[in-house]
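Listed below are the residues making up each chain.
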Amino acid sequence: TNRLIVAPVVGTLVYENVPEPVNVWAKKISRWDFNRIVPCHFDAPIRAGPREFLSAFSFLPSSRPDDNPKGGEYYPNEDMILLRGVADFLLNTGVIFTDETRPVRPVVGSAQK
């Protein structure tokens, strides 16, 4: 299709694990006045504005159909089976985190009791 998409690896392994900050960021960018986007892959520039940019993040909070009724419409489910399995493995082994599972970093200089 001729629409902007978030790369499946980035969307699945990164953005879906912290959907709220990504949505806030995408909405902030979509308030800018622009009519071209230069992606890091594909031919560039792409004629697209704020509406098209924001729609690229429409899969959030999740592209999984069980978590988001529209999720299966963003990435074809049959194409995502392997990547979602990798994401589940990485989450379950603590390699990647969600906001809920992220370890708390100690504050430098604070007194430990």
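Above this text is the structure in question.
Remember, it's a predicted structure, so these values are computed and weren't measured experimentally.

*Asks:* Before we go on, may I ask you to explain the packing of aromatic side chains in this structure?
*Replies:* To describe a pair of aromatic rings, one takes the distance between the centres and the angle between the planes. In the structure shown here, the tally under the stated rule is 8 aromatic pairs. Ring centres of Trp-25 and Phe-57 lie 5.8 Å apart, and the angle between their planes is 85°; this geometry places the pair in the edge-to-face category. Here Trp-25, found in helix H2 (residues 19–29), pairs with Phe-57, found in the loop between helix H3 (50–55) and helix H4 (71–74); they are 32 residues apart in sequence, far enough to count as distant. Here Trp-25 falls in the partly exposed class, since its relative accessible area comes to 40%. Ring-pair connections join several aromatic residues into one group, and the members of that group are Tyr-15, Trp-25, Phe-34, Phe-53 and Phe-57. Its guanidinium or amino end placed over the ring of Tyr-74, Arg-3 lies 5.0 Å from that ring's centre, counting from NZ or CZ.

*Asks:* Explain helix H5 (residues 77–92) here, please?
*Replies:* Since the α-helix turns once every 3.6 residues, residues separated by three or four places project in the same direction. For H5, with 16 residues, the first-to-last C-alpha span of 21 Å sits near the 22 Å given by 1.5 Å per residue. Considering bend angle alone, the principal kink of H5 is centred on Leu-83 and spans about 30°. Buried residues of H5: Met-80, Leu-83, Arg-84, Ala-87 and Leu-90, and no others. Of the surrounding secondary structure, the elements contacted by the buried residues of H5 are helix H1 (8–13). One or two steps after H5, the chain reaches Gly-94, where phi turns positive at roughly 80°.

About the thresholds
- Residues numbered from 1 in each chain as written.
- Predicted model: local features only at pLDDT ≥ 70, side-chain atom pairs only at ≥ 80, totals over all residues.
- Heavy atoms only, no water.
- Phe/Tyr/Trp six-rings, centres within 6.5 Å; stacked < 30°, edge-to-face > 60°.
- Helix = DSSP H or I, 4+ residues; strand = E, 2+ residues; numbered from the N terminus.
- Buried < 20%, exposed > 50% of the residue type's maximum accessible area, 1.4 Å probe, protein only.
- Lys NZ or Arg CZ within 6 Å of the ring centre and 35° of its normal.
- Expected span 1.5 Å × (residues − 1).
- Bend = angle between axes of the 7 residues up to and from the residue.
- Contact = heavy atoms within 4.5 Å.

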